[in-house]
Amino acid sequence: MRTPFPFSAIVGQDEMKLALLIAAVDPRVGGVMVFGDRGTGKSTAVRALAALLPPIPAARAGFQTADAPPPKGKVPVPFVDLPLGATEDRVVGALDLEAALGRGEKRFEPGLLARANGGFLYIDEINLLEDHIVDLLLDVAASGENLVEREGLSVRHAARFVLIGSGNPEEGELRPQLLDRFGLSVEVRTPKGIPERVEILKRCDAFERDPGGFAEHWGVSEKKTLKRIAKGRDLVGAIEVPEPVLTRAALLCGTVGADGLRGELTLMRAARALAALEGHRTVEATHLDRVAPMALRHRLRRNPLDDSGSNARIERALAELAA
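What comes next is a walk through the structure. (Residues numbered from 1 in each chain as written. Predicted model: local features only at pLDDT ≥ 70, side-chain atom pairs only at ≥ 80, totals over all residues. Heavy atoms only, no water.)

1. Points about the environment of L147
- The topology assignment puts L147 in strand β8 (residues 145–150).
- A relative accessible area of 41% places L147 in the partly exposed class.
- A sequence separation of 37 residues divides L147 from L184, and the C-alpha atoms of the two residues are 26 Å apart.
- In this structure, L147 is in contact with S154, V155 and R156, ignoring residues within four places of it in sequence. (Helix = DSSP H or I, 4+ residues; strand = E, 2+ residues; numbered from the N terminus. Buried < 20%, exposed > 50% of the residue type's maximum accessible area, 1.4 Å probe, protein only. Contact = heavy atoms within 4.5 Å.)

2. Things to note about unusual backbone geometry
- Even without being glycine, Q13 reaches a positive phi, approximately 50°.
- Summarising the element assignment, Q13 is placed in the segment before α1 (14–25).
- Owing to a relative accessible area of 15%, Q13 belongs among the buried residues under this scheme.
- Positive phi is not limited to glycine here, since E125 has a value of about 55°.
- Summarising the element assignment, E125 is placed in the loop between β7 (120–124) and α6 (131–143).
- According to the relative accessible area criterion, E125 is partly exposed, its value standing at 23%.

3. A short note on the pattern of salt bridges
- Under the defined criterion, the tally for this structure stands at 10 salt bridges.
- With a shortest N-O distance of 3.0 Å, D26 and R28 are connected by a salt bridge.
- Relative accessible area serves as the criterion here: at 3%, D26 is assigned to the buried category.
- Residue R47 is joined to D81 by a salt bridge in which the shortest nitrogen-to-oxygen separation is 2.8 Å. Separated by 34 residues along the polypeptide, R47 in helix α2 (residues 42–52) and D81 in strand β4 (residues 79–81) bring together distant segments of the chain.
- For R47, a relative accessible area of 40% puts it in the partly exposed group.
- Using a relative accessible area of 34% as the deciding quantity, one classes D81 as partly exposed.
- Connected through shared salt-bridge partners, E15, E187 and R297 make up one network. (Salt bridge = Lys/Arg side-chain N within 4 Å of Asp/Glu carboxyl O.)

As structure tokens, then:
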């Protein structure tokens, strides 16, 4: 089995790493969209996080049906990399043609959504994926189940996964109504500082020369990160969000002009997950402010009279609330 690059060894890209950790603590945040340049560690970070997480009960992973007894034991957290050319049948599942033609059996062949159940579904360059596939993915991710009805088959199965998308805006944009369905949106950029670039080169070289030794070197940091996630998961269900923080979320969304209520809901869930990740028992305004850019920047309408970017508008709104 190939040794994954340690999550803790990724240099920089702090906002992306924080968004992934928040989604790992509370998948109800609704997935993460990562925008940025190619070759900036997007897929490496997602794979590293999935590999870092502890094994989960086999009964909560992969394709599960009510007809079969639940499997026993534990399995690694599923990680599915959805290719751009995937057909709808491959994504949702279809009739098993080999069983149908060879033995005359009408049997369901699970798709990628079933394989991702309990883990992560990663789509690189999601902005180049066909719109109807993206619609389908977002609907299943929101409902947590996949219903397949075709060729006389009717199968409903669990499909609970954290959806992670990535793309380069210069190669095509994602429709706003689809972008809004992602809980968090982060931006990654090619590092500009020479020391940072040199450090990345050193770590990549060390990993390529001795993956096992490199992973062992970062083992202590990985254990600390895993401990934070586990503690956050234990805490997140019991953490209260005080009314003043909820009011601040509503005021912020109103000030920046976010459509609908997904902005407030994501702010609340992400701030609570961040508080849990950091061991707090109550959500504070600072938690809300820290997650605001990643929860709102992709939900802002373009204002033709205001050419400032989304981040600047959110920072300006936070400054107004603080005044």
